Amino acid sequence: MRAANAPTTEPIDVVRIRLSADAGATAVVSEFRMANRILAAWAAQARRDSRVDYEVTFFDGLRLSGRYPLLRKGGKPHASLSRVIRRLFKEMAGGPAPYLVEG
């Protein structure tokens, strides 16, 4: 995980979410809901567990990046990148995670 700037405690709008799968697929979206749908679809198509590189750029200039595992829970693909990002904010801030605008 990399952070370009320190996180704030105010609501943060997402500008861009870039996803790059090990299999070569790439997607750029502006909502966590759409990113989660794409991740779930990629997980459903994956023949084995794999990972996706992500980079989330926020309106205030903060960028977070890392690797997200594509997993299947009980045979069903599941994805929640927004949950991962909230946890990263909480760890970085040492307290409660800021509210993420998921428009």
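For clarity, every value in this text was computed on a predicted model and none was experimentally measured.

**Section: the nonpolar core**
Okay, so step 1: Residues Leu19, Leu81 and Ile85 are the most contacted members of the largest nonpolar core, which totals 27 residues.
Okay, so step 2: Looking at this core, the elements with two or more residues in it are strand 2 (12-21), strand 3 (26-29), helix 1 (32-45), strand 4 (50-58), strand 5 (63-73) and helix 2 (81-93).
Okay, so step 3: Broken down by element, this core gets its largest block of residues, 7 residues, from helix 1.
Okay, so step 4: Each residue touching leucine 19, except ones within four places of it in the same chain, is listed here: Ala25, Thr26, Ala27, Ala35, Ile38, Leu39, Trp42, Val52, Asp53, Tyr54 and Leu81.

**Comments concerning helix 2**
Okay, so step 1: For helix 2, spanning 13 residues, the distance from its first C-alpha to its last is 18 Å, which sits close to the expected 18 Å at 1.5 Å a residue.
Okay, so step 2: Listing the buried residues of helix 2 in full gives Leu81, Ser82, Val84, Ile85, Leu88 and Phe89. Each buried residue of helix 2 lies within a common arc of 155° when the element is viewed along its axis, so the set occupies one face. In this structure, helix 2 carries Arg83 and Glu91 as exposed residues pointing more than 90 degrees from its buried face.
Okay, so step 3: Two residues or fewer after helix 2 comes glycine 94, characterised by a positive phi angle close to 70°.

**Looking at helix 1**
Okay, so step 1: In this model, helix 1 (14 residues) spans 20 Å end to end at C-alpha, consistent with the 20 Å of a helix rising 1.5 Å per residue.
Okay, so step 2: The complete set of buried residues in helix 1 reads Phe32, Ala35, Asn36, Ile38, Leu39, Ala40, Trp42 and Ala43.

Here is what the cut-offs are and how they apply
- Starting from 1, residues in each chain are numbered consecutively following that chain's sequence as written.
- Only residues with pLDDT of 70 or above have their local features reported here, since the model is predicted, and side-chain atom pairs are shown and tallied only from 80 upward, although totals for entire chains, interfaces and linings are computed over all residues.
- Side-chain calculation: all heavy atoms of the structure are included, whereas hydrogens and water are not.
- Within this scheme, the nonpolar core is defined by two criteria: the residues are buried Ala, Val, Leu, Ile, Met, Phe, Trp, Tyr or Cys, and they are joined through side-chain atoms within 4.5 Å.
- Exposed residues in this analysis have more than 50% of their type's maximum accessible area, buried residues have under 20%, and partly exposed residues fall in between, with area computed by a 1.4 Å probe over protein chains only.
- Every helix listed is a DSSP run of H or I at least four residues long, and every strand listed is a run of E at least two residues long, numbered separately from the N terminus.
- Contact definition: two residues touch when any of their heavy atoms are within 4.5 Å.
- To estimate how far a helix should reach, multiply one less than its number of residues by 1.5 Å.
- The arc in question is the one spanned by the directions pointing from the helix axis to the C-beta atoms.

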